[in-house]
Amino acid sequence: GADGKQSLSMVFQEPTLMTWARVRANTRLPLDLRGTPRAEADARVTEALQMVGLDKFADSWPRELSGGMQMRVSLARALVTHPSLLLLDEPFGALDEFTRNKLDSDVRNLWAQQAMTVAFVTHSIYEAVFLSTRVVVMAARPGRVIADVAIDGPEVRDEEWRVSAPFLAYCRQLSELLTAAAQGRV
């Protein structure tokens, strides 16, 4: 974080928000737990909510937000500590494709702006190729790495990238790797 220490934040499959607390308090939680002075914490909360496009919802209750917006609060809570490593465990799996694509774009942009390492677990080949500079493919039982694929895509990724020949070639390559793993060939 800003104090020079390495820090880690995590975003889970469920938003895991405190239902009894407003968006602002949910986002501030990690800073409260660290004993961050209130003025600094509030400034960081405002910054984090702006990063995820929720600054106008700071005083809302979680129940008043859509699933995608709740996930954005969870993301803001992870970003409020200025982590050097952000781990995301299938955070958008339960969302509709439109919302998921939008959040993928937002995560990609945040990663570019924040100079942090992001490890993103997903079962979606398309999501992996869209987000990544590197995809590590794992086989199940026993869990092991079967491939490490560099994704040489444009710095700025948009809908045009999603339908480009290189994007689709990477998707095909990863699909073939997963099929080979499922058939026990790797």
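Since we're looking at a predicted model, the values are computed, not measured. (Residues numbered from 1 in each chain as written. Predicted model: local features only at pLDDT ≥ 70, side-chain atom pairs only at ≥ 80, totals over all residues. Heavy atoms only, no water.)

Overview of the nonpolar core
Formed by 49 residues in total, the largest nonpolar core has its most connected members in Leu75, Leu79, Leu86, Val129 and Leu174. If one sorts the elements of this core by residue count, helix α3 (residues 67-79) sits on top with seven residues. Contacts of Val129, omitting those with residues within four sequence positions, involve Ile151, Arg157, Trp161, Phe167, Tyr170, Cys171 and Leu174. (Core = buried A, V, L, I, M, F, W, Y, C linked by side-chain atoms within 4.5 Å. Buried < 20%, exposed > 50% of the residue type's maximum accessible area, 1.4 Å probe, protein only. Helix = DSSP H or I, 4+ residues; strand = E, 2+ residues; numbered from the N terminus. Contact = heavy atoms within 4.5 Å.)

Brief notes about the side chain of Ser105
For Ser105, the location among the structural elements is in helix α4 (residues 97-114). The exposure class of Ser105 is buried, given its relative accessible area of 19%. Ignoring any residue separated from it by four or fewer positions in sequence, one finds Ser105 in contact with Phe130 and Arg162.

Focus: the pattern of salt bridges
Evaluation of the coordinates by the stated rule reveals ten salt bridges. One salt bridge connects Arg24 with Asp59, and the closest N-O pair in it is separated by 3.1 Å. One end of the pair, Arg24, is in helix α1 (residues 23-34); the other, Asp59, is in the loop between α2 (38-51) and α3, with 35 residues separating them in the sequence. For Arg24, a relative accessible area of 28% puts it in the partly exposed group. Asp59 sits in the partly exposed class, given a relative accessible area of 48%. (Salt bridge = Lys/Arg side-chain N within 4 Å of Asp/Glu carboxyl O.)

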